[in-house]
Amino acid sequence: MESLNDIRLGHASRLLIDTTLTIAEISFKCGYNNLSYFNRIFKKKHGCTPKEFREDYSGTRTFV
């Protein structure tokens, strides 16, 4: 089950970076039927929420 989650989260990460789909749409496209579960698993693996991940990679976040 863990390897399946790794594959799904990898796909979700790519979609977060490359598309403007909502986080809910991405979670459903990657096979997660529960948005809160997706957020919890994503944060456990990446150390940040999907929203924070997208902001880090989109260039909209400013580091001082």
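Per chain, residue numbering runs from 1 following the sequence as it is written. Only residues with pLDDT of at least 70 get local features here, since the model is predicted, and only at 80 or more are side-chain atom pairs given and counted; chain-wide, interface and lining totals rely on the full set of residues. With hydrogens and water excluded, all non-hydrogen atoms of the structure serve as input to the side-chain values.

1. Thoughts on the overall build of the protein chain
Helical segments are the DSSP runs of H or I of at least four residues, strand segments are the runs of E of at least two, and each set is numbered from the N terminus. Assigned secondary structure in the protein chain consists of 4 helices and 0 strands. Helices and strands in the protein chain line up, N terminus first, as α-α-α-α. The contact criterion used is simple: two residues touch if any of their non-hydrogen atoms lie within 4.5 Å. Excluding contacts between residues fewer than 6 apart, the proportion of contacts in the protein chain whose partners are at least 24 apart in sequence is 47%. For the area figures, the Shrake-Rupley method with a 1.4 Å probe applies, and any residue is considered shielded solely by the protein chains shown. When the accessible area of the protein chain is evaluated, it comes to approximately 4,500 Å², of which 54% is carbon and sulfur surface.

2. Description of the confidence of the model for the protein chain
The predictor's confidence in any single residue is recorded as pLDDT, a number from 0 to 100. For the protein chain, per-residue confidence averages 90 on the pLDDT scale, and residues scoring 70 or more make up 89% of the total. The weakest mean pLDDT in the protein chain belongs to helix α4 (residues 50–58) at 87; the strongest belongs to helix α2 (residues 23–29) at 97.

3. Some details on the nonpolar core
Within soluble globular proteins, side chains that are nonpolar generally end up buried alongside one another. What makes a nonpolar core is a set of buried Ala, Val, Leu, Ile, Met, Phe, Trp, Tyr and Cys residues whose side-chain atoms join them at distances within 4.5 Å. Relative accessibility decides the category of a residue: with a 1.4 Å probe and only protein chains considered, values under 20% of the type maximum give buried, values over 50% give exposed, and everything between is partly exposed. Leu9, Ala12, Leu15, Leu16, Ile26, Cys30, Tyr32, Phe38, Ile41, Phe42, Cys48 and Phe53 form the largest nonpolar core, which has 12 residues in total. Here the element with the most residues in this core is helix α1 (residues 2–18); it accounts for 4 residues. Discounting residues that sit within four places of it in the chain, leucine 15 has contacts with Ile26, Cys30 and Arg54.

4. Here we look at the packing of aromatic side chains
The geometry of two aromatic rings is summed up by the distance between their centres and the angle between their planes. Only the six-membered ring of Trp is used, alongside the rings of Phe and Tyr, when aromatic pairs are assigned; centres must lie within 6.5 Å, and planes under 30 degrees apart are stacked while those over 60 apart are edge-to-face, with the rest tilted. This model, assessed by the stated rule, comprises 5 aromatic pairs. Ring centres of phenylalanine 42 and phenylalanine 53 lie 5.4 Å apart, and the angle between their planes is 80°; this geometry places the pair in the edge-to-face category. Linking phenylalanine 42 in helix α3 (residues 35–46) with phenylalanine 53 in helix α4, this pair joins segments that are 11 residues apart in sequence. Judged by centre distance (4.8 Å) and plane angle (40°), the rings of phenylalanine 53 and tyrosine 57 are tilted. A residue pair is termed a helical-turn pair when its members lie 3 or 4 positions apart in one helix, as phenylalanine 53 and tyrosine 57 do in helix α4 at 4 residues. Grouped by ring-pair contacts, the aromatic residues Tyr32, Tyr37, Phe38, Phe42, Phe53 and Tyr57 constitute a single cluster. In this arrangement the basic side chain of arginine 8 is found over the ring face of tyrosine 32, its NZ or CZ atom lying 5.3 Å from the centre. Only when the NZ atom of a Lys or the CZ atom of an Arg is both within 6 Å of the ring centre and within 35 degrees of the ring normal do we say a charge sits over the ring.

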